[in-house]
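Now for the letters of each chain:
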Protein chains: 2
Amino acid sequence: MSDTLPASQTPDWIAVDWIAVDWGTTHLRAWAMRGDEPVARAASDAGMSSLDRDGFEPALLALVTRWLGTGRVTPVIACGMVGSRQGWVEAPYMAVPCGPLNADHMVRGTTLDPRIALWVVPGLKQDAPADVMRGEETQIAGLLAGDPRFSGLACLPGTHTKWVTVRGGEVQSFSTFMTGELYGLIAGHSVLRHGLGGQDAWDHAAFAEAVAEALHQPAGLAGDLFRLRAEGLLHGMGAAVARARLSGLLIGNELAALGERRVGPVRLIGASSLNRLYAAALAIAGCEAAEAGGDDLTLAGLTLARHTLMEAPRRRA
Amino acid sequence: MSDTLPASQTPDWIAVDWIAVDWGTTHLRAWAMRGDEPVARAASDAGMSSLDRDGFEPALLALVTRWLGTGRVTPVIACGMVGSRQGWVEAPYMAVPCGPLNADHMVRGTTLDPRIALWVVPGLKQDAPADVMRGEETQIAGLLAGDPRFSGLACLPGTHTKWVTVRGGEVQSFSTFMTGELYGLIAGHSVLRHGLGGQDAWDHAAFAEAVAEALHQPAGLAGDLFRLRAEGLLHGMGAAVARARLSGLLIGNELAALGERRVGPVRLIGASSLNRLYAAALAIAGCEAAEAGGDDLTLAGLTLARHTLMEAPRRRA
């Protein structure tokens, strides 16, 4: 649990209008809001995957109790896996093409504590090719809040990287690649793990070379991976090169699939280290990319969600 | 530990000329041999990965003590990871192109028990693209023992599938794909695991379709994988289809990389279930395949190794 202020300077109580919540598989983050401005924030590792259905409300209260007044109801607007079937309350997906937010589809969750009123933002689904997102739609809404005319491709790199085609204020289509998860599985659990760990060094030239190789020849990924082990055994390839090559091979294989959608400039919406990695890989693929922020866009999207709810008849938050 | 005979019928002692051993990362198998004929066999799960250096001899003796005479030395000829740096004794790789067996490169290991004399068959290495094998060279030797003029591509499917180009009695080149390991990681540890387990059913049409898709479009494997999850969430794709598609996508991506080397007929050297899978995938790629046996070829290769050693000056086994 962390705050923007050190504990000694944290007041016992903060007056807030509403609470913004980003609740993913492995994280929970909350912002205390006055109007459109955050005045405090807190986070814990009480992600969806660590909770059963009865665990969500206590996990949230543990983080935000200090922000709740007595004798009044504070709206909580949450996005992410909290709205999945295994979440606090299921918020059924909206089907693309559609705008990323719609007050009529936000779902009111039941709460035991009378001081909070919960609203959950639904994710998006695509029928064919089948795909789903939860949380990223709110970042896209945040992107559009700052740039309502944005038209093009947004990339949200992460465990499950999303590529989202936006046009006319709507999400037209999207594709998910479990590139980050594959990296984690291979680095943590495969026969390659011994050759990848032990230090943080990173060989950018090896990354760039691997991206180019995989763009040119995406077939045989499982062979390129074994090559990392053999290069270590036979030629002493170090962890900095092996890790960078693993990342480059996986991202290159991903970019190779984008084909004609890979026209720039791409907006990158992720952690800055991942944004840099994808920007470098996109440059090798001949595509411009511009960073659009990550956390900031989630909060901007949740703020827009609150306005959308307030303006919707009978759904005031 | 298992024997060909039920325990009640197993004699206390079996007279043997030598012992053949296949010792991999996760398994240990031994055959009691009279001349070129196996008269008993035993196996345990004391693979290399579960042993430290001092653990190899006890693990072997636990399996073969009944086959050892008193007052005489029984040669033991072993192939596989037992010859790796983390094995009983390191048998340095031979560089391709070369014959799969060479008495001058077999390594004599030290043993504490005077009743056995250990010889370890070295693996093969390829400088560029970097690659290594341990154990499969013995199966190739077994293939050549039965068909000395074989020229073409052998496929040894498994955790790390090997494709081996054989010509003129030599291994010319080879490539390893960690396809089986990726399958295991994804099925056992990824977000897809819940959609893949719980039953043994298998949808062959889904396998064939996925092979064809991956052959045609090997890029974006991490996206094809996430599609399995989304199809389960949105359209109720069952485990039998998801598992078959996962396998087909991975094998199709592998076959796509073989390109012009994919000219038949390919000899398949593996467990029969894997051989059938690869034969079906190869047929979709327009390539004939014929099964050549797996275990049998290991024993044939070890038998050839013994003859090679007996014929070599000063290296009699």
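Residues numbered from 1 in each chain as written. Chains lettered and ligands numbered in written order. Predicted model: local features only at pLDDT ≥ 70, side-chain atom pairs only at ≥ 80, totals over all residues. Heavy atoms only, no water.

Quick word on the pairing of strand β12 (residues 161-167) of chain B
Residue and element names in this part refer to chain B.
Item 1. With six of seven residues buried, β12 is to be regarded as a mostly interior element.
Item 2. Examined bridge by bridge, strand β11 (residues 152-156) and β12 share five bridges and lie antiparallel to one another. Looking across to β12, one finds that C155 is bridged to W163.
Item 3. Where β11 folds back onto β12 in an antiparallel hairpin, the turn is made up of four residues.
Item 4. Sheet analysis places β12 next to strand β13 (residues 170-177), joined by seven bridges and oriented antiparallel. When the bridges of β13 are listed, V164 appears paired with F174. (Buried < 20%, exposed > 50% of the residue type's maximum accessible area, 1.4 Å probe, protein only. Helix = DSSP H or I, 4+ residues; strand = E, 2+ residues; numbered from the N terminus. Pairing = 2+ DSSP bridges.)

Brief notes about the interface of chain A and chain B
Item 1. Listed by partner, the interface residues are 42 residues for chain A and 42 residues for chain B.
Item 2. For the pairing of chain A and chain B, the buried interface totals around 3400 Å² over both sides, and the portion due to carbon and sulfur atoms is 72%.
Item 3. Viewed at the interface, chain B and chain A are joined by two salt bridges.
Item 4. Note that R227 of chain B and D131 of chain A form a salt bridge whose closest N and O atoms lie 3.1 Å from each other.
Item 5. Put simply, chain A and chain B have 14 residue pairs in polar contact (both at pLDDT 80 or more) between them.
Item 6. Those elements that place two or more of their residues in the side of chain A that touches chain B are β9 (124-126), β10 (131-133), β13 (170-177), α3 (179-189), α6 (221-235) and α7 (239-258) of chain A.
Item 7. Sort the elements by how many residues they give to the side of chain A that touches chain B and α6 of chain A lands first, with 12 residues. (Contact = heavy atoms within 4.5 Å. Buried area = accessible area lost by both parts, 1.4 Å probe. Salt bridge = Lys/Arg side-chain N within 4 Å of Asp/Glu carboxyl O. Polar contact = N/O pair within 3.5 Å; in protein donor to acceptor, adjacent residues only side chain to side chain.)

Side note on the sheet that holds strand β10 (residues 131-133) of chain B
All names here are of chain B.
Item 1. Strand order across the open sheet formed by three strands is β6-β9-β10, with mixed pairing between neighbours. Bordering the open sheet on either side are β6 (94-95) and β10, each of which pairs with just one other strand.
Item 2. Two elements, strand β9 (residues 124-126) and β10, share three bridges in a ladder whose sense is antiparallel. Along β10, the bridge assignment pairs L124 with M133.

Let's talk about the pairing of strand β5 (residues 74-80) of chain B
Successive residues of a regular strand alternate their side chains across the two faces of the sheet.
Residues and elements named next belong to chain B.
Item 1. Counting buried residues along β5, seven of its seven residues qualify, which places the element largely inside the surrounding structure.
Item 2. Judged by which residues are buried, β5 turns out to be covered on both faces: T74, V76, A78 and G80 on one side and P75, I77 and C79 on the other are all buried.
Item 3. Relative to β5, strand β2 (residues 18-23) runs parallel, the two being bridged by five bridges. Bridge pairing in β5 links V21 to A78.

Some words on the relation of the copies chain A and chain B
Item 1. Laying chain A over chain B is done by rotating through 180° and shifting 0.0 Å along the axis; what remains is an RMSD of 0.0 Å. Such a combination of rotation and displacement between the chain copies is what one expects of a two-fold axis. Scanning chain A for the C-alpha nearest the rotation axis identifies P218 of chain A, at a separation of 2.9 Å.
Item 2. Take the interface residues of chain A: 100% of them recur as interface residues in chain B, which is what a same-surface contact looks like. (Least-squares fit on C-alpha atoms with pLDDT ≥ 70 in both.)

What about the pattern of salt bridges?
Item 1. Under the defined criterion, the tally for this structure stands at 12 salt bridges over all chains.
Item 2. Here E213 of chain A makes a salt bridge to R245 of chain A, at a shortest N to O gap of 2.8 Å. Taken together, the residues span a long stretch of sequence, with E213 of chain A in helix α5 (residues 204-216) and R245 of chain A in helix α7 at a distance of 32 residues.
Item 3. Judged by relative accessible area, which is 34%, E213 of chain A ranks as partly exposed.
Item 4. Its salt-bridge partner being R267 of chain B, residue D147 of chain B comes within 3.2 Å of it at the nearest N-O pair. Highlighted residues: D147 of chain B in the loop between α2 (136-146) and β11 and R267 of chain B in strand β14 (residues 266-268), separated in sequence by 120 residues.

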